[in-house]
Amino acid sequence: EAIMAKSTQNPRPFSDQEISAFCGQLTLILQSGLSSIEGISVMLEDAQSEEEKQILTAMQEKLTETGSLADAFEAAGIFPSYLLHMVQIGEESGTLDTVMDALSTHYAREDAIHQSIKSSVTYPLFMAAMMVVIILVLLVKVLPIFNQVFVQLGSEMTGFSRTLMNLGNLLHTNALVFVMILLVLVAFLFFGLRTQ
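Below is a short write-up of the structure.

The rules behind these values
- Residues numbered from 1 in each chain as written.
- Predicted model: local features only at pLDDT ≥ 70, side-chain atom pairs only at ≥ 80, totals over all residues.
- Heavy atoms only, no water.
- Helix = DSSP H or I, 4+ residues; strand = E, 2+ residues; numbered from the N terminus.
- Rg over C-alpha atoms; globule rule 2.2 N^0.38 Å.
- Buried < 20%, exposed > 50% of the residue type's maximum accessible area, 1.4 Å probe, protein only.
- Contact = heavy atoms within 4.5 Å.
- Lys, Arg positive; Asp, Glu negative; His and termini not counted.
- Charge placed at Lys NZ, Arg CZ, Asp CG, Glu CD.
- Core = buried A, V, L, I, M, F, W, Y, C linked by side-chain atoms within 4.5 Å.
- Axes fitted to C-alpha atoms, helices over the stretch in contact; angles between N-to-C directions.
- Left-handed = near helix turned anticlockwise from the far one by under 90°.
- Nonpolar A, V, L, I, M, F, W, Y, C, P; charged D, E, K, R; others polar.
- Phe/Tyr/Trp six-rings, centres within 6.5 Å; stacked < 30°, edge-to-face > 60°.

**Some words on the overall build of the protein chain**
Counting secondary structure elements, the protein chain contains eight helices and zero strands. Going from N to C terminus, the protein chain has its helices and strands arranged as α-α-α-α-α-α-α-α. Taken over the C-alpha trace, the protein chain has a radius of gyration of 29 Å; the compact-globule value for 196 residues is 16 Å, which it surpasses by more than 25%. For the protein chain, the C-alpha atoms occupy an extent of roughly 90 × 30 × 25 Å along the three principal directions. Per-residue burial over the protein chain gives 27% buried out of 196 residues. Of the contacts made within the protein chain by residues no fewer than 6 positions apart, 50% connect residues no fewer than 24 positions apart. Computing the positive centroid from 9 side-chain charges and the negative centroid from 20, the protein chain places the two 19 Å apart.

**So, the nonpolar core**
Core analysis: the biggest nonpolar cluster contains 30 residues, and Met59, Phe73, Phe79 and Leu83 have the highest contact counts within it. For this core, the secondary-structure elements that each account for two or more residues are helix H1 (16–31), helix H2 (36–46), helix H3 (50–66), helix H4 (69–76), helix H5 (81–93) and helix H6 (96–152). Of the residues forming this core, the biggest block, six residues, is contributed by H1. Leave out the neighbours within four places in its chain, and Met59 touches Phe22, Ile40, Ala72, Phe73, Ala76 and Phe79. With five residues, the next largest nonpolar core counts Leu143, Met157, Met165 and Leu171 among its residues.

**A few points about the packing of H3 against H4**
At a minimum axis distance of 8 Å, the contact between H3 and H4 shows a crossing angle of 145 degrees. Crossing angle aside, the handedness with which H3 passes H4 is right-handed. Where H3 approaches H4, its residues Ile55, Ala58, Met59, Lys62, Leu63 and Thr66 are matched on the opposing element by Leu69, Asp71, Ala72, Phe73, Ala75 and Ala76. Among the residues forming the contact of H3 with H4, the class breakdown is nine nonpolar, one polar and two charged.

**Examining the packing of aromatic side chains**
Tallied over the entire structure, the rule returns three aromatic pairs. Aromatic pair Phe22 and Phe79: ring centres 5.3 Å apart, planes at 45 degrees, arrangement tilted. Within this pair, whereas Phe22 is found in helix H1, its partner Phe79 is found in the loop between H4 and H5, the two being separated by 57 residues in sequence. Accessibility classification places Phe22 together with Phe79 in one group, the buried group. Within the aromatic cluster, the residues linked to one another by ring pairs are Phe22, Phe73 and Phe79.

Here is the structure:
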């Protein structure tokens, strides 16, 4: 499974899920009795993408040069400072496998929190969009029918209901403009949610 899809030429931080998977793999390697250098070498042999190979190669070179896994993580340029400090503490205390396991759990929990927040925000937004659509249908399609009934009975809509009907007529006659504005807003929102 390729867990590293970021390029070292244009390094961007790993997602919490990617960090968790990376730390989990390194935990298994360290708990099996292999050294950090051997572990990175094993991961490099199993690397499936060029980006993954570049990241692991940079880490392997720094690890061979300094013997410090914390320095190797820093050389990759894609890991958060909290992880770097924790790896350094793990190396100094001789509990690197335990620290990597705790980091894997920590970042898995962070990812779960982010996913939960996303779904908590998405549902109300979806419901609000549905309400807007229903209100627009009422303004554009239903109110004119009520107005026709009133006209047949020899009366007219007045006050707030008349204002709403006029708004519905305005939306109906300029529907193309409003649809274009709505599409631009949706596209802006979509691309805005996909970037930092």
